[in-house]
Amino acid sequence: MSDELQDIYLTAQSLAKQVGDIARAESSSCDKSIQCKDSTADMVTETDKKVENMILKTLKQKYPTHKFIAEESSSGSNILTNDPTWIIDPIDGTANYIHGFPFSAISIGLAINKEIVIGVVYNFLLDQLYAAKKGSGSFLNGKPIHVSQCKELRKAIVITDLGYTRTEKELTPKISTIRGLAAEPSHVHGIRTLGCASASCCMVSQGGADAYIEYGLHCWDYAAGELIVREAGGVSLYPTGGPLDLMGRGVLLASSKELAEAMLPYIQHVEYPRD
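Quick summary incoming for the structure in this document. Remember, it's a predicted structure, so these values are computed and weren't measured experimentally.

## Some remarks on the overall build of the protein
Item 1. Within the protein, the secondary structure is distributed over 7 helices and 14 strands.
Item 2. Whereas a compact globule of 275 residues would reach a radius of gyration of roughly 19 Å, the protein reaches 17 Å, a difference of no more than 12%.
Item 3. Projected onto the principal axes, the alpha-carbon positions of the protein cover approximately 55 × 45 × 35 Å.
Item 4. Scored against the burial criterion, the 275 residues of the protein give a buried share of 53%.
Item 5. Summarising the internal contacts of the protein: among those between residues at least 6 apart in sequence, 64% fall at separations of at least 24.
Item 6. Total accessible area on the protein is roughly 11800 Å²; 52% of this is exposed by carbon and sulfur atoms.

## Brief notes about the side chain of His 218
Item 1. Mapped onto the elements of the fold, His 218 is located in the loop between strand 12 (211-215) and helix 6 (219-231).
Item 2. On the basis of relative accessibility, which here comes to 13%, the residue His 218 falls in the buried class.
Item 3. In this view, His 218 contacts Tyr 164, Arg 249 and Asp 275; residues no more than four positions away in its chain are not counted.

## Brief notes about the packing of aromatic side chains
For any pair of aromatic rings, geometry is given as the distance between the ring centres together with the angle between the planes.
Item 1. This structure, assessed with the given rule, holds 4 aromatic pairs.
Item 2. Arranged with centres 5.7 Å apart and planes meeting at 75 degrees, the rings of Tyr 97 and Phe 124 form a pair that is edge-to-face. Note that Tyr 97 is positioned in helix 3 (residues 94-99) and Phe 124 in the loop between strand 6 (115-123) and strand 7 (128-133), a separation of 27 residues in sequence. Each of the two residues, Tyr 97 as well as Phe 124, counts as buried.
Item 3. Between the aromatic rings of Phe 101 and Phe 103, the centroid separation amounts to 5.6 Å while the plane-to-plane angle is 50 degrees, which identifies the pairing as tilted.
Item 4. With a relative accessible area of 38%, Phe 101 lands in the partly exposed category.

## Quick word on the sheet that holds strand 13 (residues 235-237)
Item 1. One open sheet accounts for 5 strands, arranged 11-10-12-14-13; its pairing is mixed. Each of the sheet's edge strands pairs with one partner strand only, and the pair in question is strand 11 (190-192) and strand 13. Strand-to-strand twist across the sheet, computed as the mean angle between neighbouring axes with direction ignored, equals 20 degrees.
Item 2. Looking at chain direction, strand 10 (residues 157-159) and strand 11 are connected through 3 bridges and run parallel. Counted as the bridge partner of Ile 157 is Gly 190 from strand 11.
Item 3. Across the sheet, helix 6 is in contact with strand 13 and strand 14 (250-254); its angle to strand 14 comes to roughly 25 degrees.

## Comments concerning helix 6
The α-helix winds at 3.6 residues per turn, so residues separated by three or four positions along the chain end up facing the same way.
Item 1. For helix 6, which comprises 13 residues, the first-to-last C-alpha distance of 18 Å matches the rise-based estimate of 18 Å (1.5 Å per residue) to within 8%.
Item 2. Among the 13 residues that make up helix 6, 12 are buried, leaving the element largely enclosed by the rest of the structure.
Item 3. Listed in full, the buried residues belonging to helix 6 are Cys 219, Trp 220, Asp 221, Tyr 222, Ala 223, Ala 224, Gly 225, Glu 226, Leu 227, Ile 228, Val 229 and Glu 231.
Item 4. Count one or two residues on from helix 6 and you reach Gly 233, which has phi positive near 105 degrees.

## Section: helix 5 (residues 197-205)
Item 1. For helix 5, the buried fraction is high: 8 of the 9 residues fall into the buried class.
Item 2. Taken as a whole, helix 5 has its buried residues at Ala 197, Ser 198, Ala 199, Ser 200, Cys 201, Cys 202, Val 204 and Ser 205.
Item 3. In the stretch just after helix 5, Gly 207 is the one whose phi turns positive, near 85 degrees.

Parameters and conventions
- Residues numbered from 1 in each chain as written.
- Predicted model: local features only at pLDDT ≥ 70, side-chain atom pairs only at ≥ 80, totals over all residues.
- Heavy atoms only, no water.
- Helix = DSSP H or I, 4+ residues; strand = E, 2+ residues; numbered from the N terminus.
- Rg over C-alpha atoms; globule rule 2.2 N^0.38 Å.
- Buried < 20%, exposed > 50% of the residue type's maximum accessible area, 1.4 Å probe, protein only.
- Contact = heavy atoms within 4.5 Å.
- Areas by Shrake-Rupley, 256 points an atom, 1.4 Å probe, with all protein chains shown as cover.
- Phe/Tyr/Trp six-rings, centres within 6.5 Å; stacked < 30°, edge-to-face > 60°.
- Pairing = 2+ DSSP bridges.
- Axes fitted to C-alpha atoms, helices over the stretch in contact; angles between N-to-C directions.
- Expected span 1.5 Å × (residues − 1).

Below, the structure is given as structure tokens:
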């Protein structure tokens, strides 16, 4: 299985680069044929669809027995089994892509027995390829990366986001979390928002930020990035402090267990239905 997994790992990286080149080439298009999905902040372009179709076609031809969960072809009832399952976001950060804010990424993860074993995130606008295979470390453009190992909130930069569904029921606890982390006594170094879950994960993996907390996500947003953080030495939890649930609509990633635990009292829970 190790040789097969290595082959899959290399395939995922090559494929991410291939479709990322297409997304980059189309990023300057004046007409991205934008459509809104669940809200005006939840958008999809023709490039999203094209990239997803290319990824699915390639992987289904090479791995016909594998299962797939992909954002743009999701039916709303995603079932993660023990079978090898690809979890794909063709362009994470579509709003960024539309506006030219350079944090958009191809995100490709592979789960086996409901555990992510391969994660590839390609920020095609910055030509940054993040990759990890279970037990083999994390890499940025082929060079090893590591989390910051920050343990104290007062020394941390934390990434979060308001998400694309912004009812009062959702916004109030999210803003309370930001306020709790930013104010005394926690008083973190800073709060950042990138608008791209996979890029946020990768920023933690390379030590540019120390933690990332967000509710309202789907598994395709962070599955690949979560493995990259863990293989870079970080930790992943569900935001209430329990084990991460890929179908649970929330993630807490941190550079150390101590930092994750220090954040928990300030995180306001947001209830979302499981995927």
